[in-house]
Amino acid sequence: MFRLGQRVAIAVSFLFLVSLASSRGAGNDAPPVIALKAARLFDGKSKALITNGVIIVQGDKIVDSGSNLPVLAGAQVIDLGDATLSPGFMDAHTHLTLDYSGNYNQRRLDELDLNVSEQAIKAVTFARATVEAGFTTVRDLGSRFVASREFVDIALRNSINKGVIVGPRMLVATKGIGATGGHFDPTSGFRDFLFGREPDYTDGIANGPDDVRKAVRFEVKNGADIIKAAVSGGVLSLADEVDTPQFTPAEMAALVDESHRLRKKVAVHCHGDQAGREAVEAGVDSIEHGSFLKPETLTLMKKKGTFLTPTLMATEWIMSKIANYPPALQEKARAAAAARSEMFRNAVKMGVKISFGTDAAVFPHGQNAKEFALMTELGMAPIDALKSATSNDAELLGVGQKIGTLERGKLADIIAMQGDPTADIAATEHISLVMKEGKIIRNGPPAMQAAAKSTEATDVAAPVD
Ligand SMILES: [Zn+2]
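Per chain, the residues get numbers from 1 upward, laid out in the order the sequence is written. pLDDT decides what is reported in this predicted model: residues at 70 or higher carry local features, side-chain atom pairs at 80 or more are listed and counted, and totals for whole chains, interfaces and linings draw on all residues regardless. Hydrogens and water are ignored here; the side-chain numbers use all heavy atoms of the structure.

S.K.: Can you walk me through the overall build of the protein in this structure?
M.R.: Helix and strand definitions here come from DSSP, where helices need a minimum of 4 consecutive H or I residues and strands a minimum of 2 consecutive E residues; each element is numbered from the N-terminal end. Of the regular secondary structure elements, the protein holds 13 helices and 15 strands. Radius of gyration: over C-alpha atoms. The globule rule applied is 2.2 Å multiplied by the number of residues raised to the 0.38 power. Its C-alpha atoms give the protein a radius of gyration of 24 Å, within 12% of the compact-globule value 23 Å for 465 residues. Projected onto its principal axes, the C-alpha positions of the protein cover 75 × 70 × 45 Å. In short, Shrake-Rupley with a 1.4 Å probe defines the accessible areas, and a residue's cover is counted only from the protein chains shown. Per element, the accessible surface of the protein, about 19,500 Å² overall, is 54% carbon and sulfur. Positive and negative charge centroids in the protein, built from 51 and 55 side chains respectively, lie 7 Å apart. Residues scored as positive are Lys and Arg, those scored as negative are Asp and Glu, and His as well as the terminal groups of each chain are ignored. Every charge is mapped to an atom, namely NZ of Lys, CZ of Arg, CG of Asp or CD of Glu.

S.K.: Just to check I follow, could you spell out the packing of aromatic side chains for this structure?
M.R.: The geometry of an aromatic ring pair comes down to the distance between the two centres and the angle between the two planes. Planes of paired rings set the category: under 30 degrees apart is stacked, over 60 is edge-to-face and the rest tilted, where pairs are Phe, Tyr or Trp rings (Trp by its six-membered ring) whose centres lie within 6.5 Å. Across all of its chains, the model carries eight aromatic pairs by this definition. Between phenylalanine 190 and phenylalanine 195, the ring centres sit 5.2 Å apart and the planes meet at 90 degrees, which makes this aromatic pair edge-to-face. Exposed residues in this analysis have more than 50% of their type's maximum accessible area, buried residues have under 20%, and partly exposed residues fall in between, with area computed by a 1.4 Å probe over protein chains only. Residue classification places phenylalanine 195 among the partly exposed positions, given a relative accessible area of 25%. Ring-pair connections join several aromatic residues into one group, and the members of that group are Phe89, Phe135, Phe356 and Phe372. The criterion for a charge sitting over a ring is simple: Lys NZ or Arg CZ within 6 Å of the ring centre, and within 35 degrees of the ring normal. Of note, lysine 175 hangs over the ring of phenylalanine 151, and the distance from its end group to the ring centre comes to 4.6 Å. Lysine 321 extends its terminal NZ or CZ atom over the ring of tryptophan 317, reaching a point 5.0 Å from the ring centre.

S.K.: What exactly am I supposed to notice about the sheet that holds strand β7 (residues 135–140) here?
M.R.: Whenever strands of a sheet pair, they do so through backbone hydrogen bonds, lying parallel or antiparallel. At least two bridges found by DSSP between two strands are what make those strands a pair. In space, the three strands of this open sheet follow the order β6-β7-β8, with parallel pairing throughout. The open sheet has two free edges, formed respectively by β6 (89–94) and β8 (169–172), since each of these has just one partner strand. Across this sheet, the average inter-strand angle for adjacent strands is 15 degrees, counted without regard to direction. Only the stretch in contact is used when fitting a helix axis, every axis being a line fitted to C-alpha atoms; angles between N-to-C directions are given from 0 to 180 degrees.

S.K.: Where do I start with the environment of glutamine 76 in this structure?
M.R.: Of note, glutamine 76 is situated in strand β4 (residues 76–79). For glutamine 76, a relative accessible area of 43% translates into the label partly exposed. Each C-alpha atom of the pair glutamine 76 and valine 33 lies 6.3 Å from the other, and the pair is 43 residues apart in sequence.

S.K.: So what exactly am I meant to see when it comes to the packing of helix α3 (residues 116–132) against helix α4 (residues 152–161) here?
M.R.: A pair of packed helices is captured by two measures, namely the crossing angle of their axes and the spacing between those axes. Contact geometry for α3 and α4: axes closest at 10 Å, N-to-C directions at 45 degrees. With respect to their mutual orientation, α3 and α4 come out oblique. Note that α3 runs across α4; the crossing there is right-handed. Residues Val116, Ala120, Ala123, Val124 and Ala127 of α3 lie in contact with α4, whose contacting residues are Val152, Leu156 and Ile160. Nonpolar residues are Ala, Val, Leu, Ile, Met, Phe, Trp, Tyr, Cys and Pro. Charged residues are Asp, Glu, Lys and Arg, and all others, Gly as well, are polar. Looking at the contact of α3 with α4 residue by residue, the classes come out as eight nonpolar, no polar and no charged. Here the word oblique covers every angle except those under 35 degrees (roughly parallel), over 145 (roughly antiparallel) and from 65 to 115 (roughly perpendicular). The sense of a crossing depends on the near helix, which, turned anticlockwise from the far helix by less than a right angle, makes the crossing left-handed and, turned clockwise, makes it right-handed. Residue contacts are defined here by distance: any two heavy atoms, one from each residue, within 4.5 Å place the two residues in contact.

S.K.: Where do I start with the pattern of salt bridges in this structure?
M.R.: Pairing between side chains becomes possible if they bear opposite charge and their charged atoms approach one another. The term salt bridge refers to a pairing of a side-chain nitrogen on Lys or Arg with a carboxyl oxygen on Asp or Glu at a separation within 4 Å. Within the structure shown, the criterion is met by 22 salt bridges. Between arginine 261 and aspartate 257 there is a salt bridge whose closest N-O contact spans 2.8 Å. Remark: aspartate 257 and arginine 261 occur in helix α6 (residues 249–261); sequence separation between them is four residues, near one turn of the helix. Accessibility expressed as a relative area gives 59% for arginine 261, which makes it exposed. Judged by relative accessible area, aspartate 257 falls into the partly exposed class, the value being 29%. Bridged by salt links that share partners, the residues Arg213, Arg217, Asp257, Glu258 and Arg261 form one connected network.

S.K.: What is the right way to look at the coordination of the zinc ion in this model?
M.R.: Around a metal, the ideal angle is 109.5 degrees if four donors adopt a tetrahedral arrangement and 90 or 180 degrees if six donors adopt an octahedral arrangement. Distances define the donors: N, O and S atoms within 2.8 Å of the metal qualify, as do those within 3.2 Å of Na, K or Ca. Water is excluded, so some sites may look unfinished. At this site the zinc ion is bound by His93 (NE2), His95 (NE2) and Asp359 (OD), with donor distances of 2.1 to 2.2 Å. Spacing between the donor residues of the zinc ion along their common chain follows H-x1-H-x263-D. In terms of burial, histidine 93 and histidine 95 fall into one category: buried.

S.K.: Looking at this structure, I do not really get the side chain of threonine 84. What am I missing?
M.R.: Its place among the elements puts threonine 84 in strand β5 (residues 83–87). Whenever a nitrogen or oxygen atom comes within 3.5 Å of another N or O atom, the pair is scored as a polar contact, on the condition that within protein one atom can donate a hydrogen and the other can accept it, and that pairs from neighbouring residues in sequence are kept only if both atoms are in side chains. Within the structure, the side chain of threonine 84 is placed 3.1 Å from the side chain of arginine 40, a separation counted as a polar contact. Only 2.6 Å separates the side chain of threonine 84 from the backbone oxygen of glycine 419, close enough to count as a polar contact. With sequence-adjacent residues up to four places away left out, threonine 84 is seen in contact with Ala38, Arg40, Leu41, Phe42, Leu49, Ile415, Ala416, Met417, Gly419, Asp420 and Pro421.

S.K.: Sorry if this is basic, but what is going on with the environment of alanine 333 here?
M.R.: As for its position among the elements, alanine 333 is in helix α10 (residues 327–350). Here the alpha-carbon distance between alanine 333 and lysine 47, two residues 286 residues apart in the chain, equals 35 Å. Sequence-distant contacts of alanine 333, that is, excluding residues within four places in its chain, are made with Val235, Ile318, Met319 and Ile322.

Treat this as a map of the structure, not an account of what it does.
Structure (structure tokens):
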């Protein structure tokens, strides 16, 4: 026993020496320091840009950020010239595994024809186009393939996190939860029983509070970071009206209670005012779209601190390609587009918290930054639009401790855009550098420009009032 004890003591002191040596070794090859310089800097939260911006990065973190900071000898200096440094943009509403931007009927056919693995491979290019456009974090609000049980968004998120592929940091919702025949029912519009069974909680379809809880638990079990539900009708669904409520107050209460118990935030797809009011009362964290929200509902959101994710790009894209959609959807799109501009103006005036989110997939991935111009054309100050895509989204996503501002100790998610976005918001569409967690993804032209232009037109029509 004595000899064994002696051996253990020797082994422990040997391990101590080894660990000391390796920690000294780590000190010697400390990660190199990079200094990013540009004419201007937006820190993610201040009311104005600062001039002569400098950000010092070491490893995956920001060491310092400010105006005219001194740069230590030996640091790699990247001078971006007449550009504006900013925290990496976030998009609180994407669907990186899907693409609805082309011809609606072709897309519907593709859903039935394409192997889910092939769709997943396409998603790899969508993720790359998104991060190369300056969006280093997304909240991905729904990924579903009719009659498939695959979780492609989980696979995409994990592959990005493991460094297997290049893309934005993703918080994913898996299938989203909705009612039978509602906006999220994947079999709506198809002949009854075409897929052999009525969708259930494993497809995100739930009816009644207990079933809603079961669906939340099933999604969290399979890796959901957040919970998404459709509480009103939608534009791109065939069997519902765009503004009707699709969950009862009891179902919404169960949705929020179960999600929050499991420490997941709740985002709800909602165009209609009644559903919106009931969802805000139930305590959801964000309302997505919100096209028909009345001032009283916006007042309630302001009071409760509920975020609005306006997704102006979605209606903008559909209206610019309206002939691509079946007549029933054209009518719904026109009604939503006609209402949403006034709703957005009201929300800005009233000071409702606005999160930047686009509904990417309705338009080609990588064009997310066009949302900025739509927001400012409808009355939002450029600096507030920039905040919505950085510190506001970080707050909504619950990641504000790590990202969203340029501050010492935060992860080095940094972008540079050409020019001054407060003078011309279109600067947000001209990204010259993307860094994620200290690694440069792009310094110069994007590799994925072609994928971002998967459909022919890239110009967005003027806002529809
Ligand atoms: Zn969406």
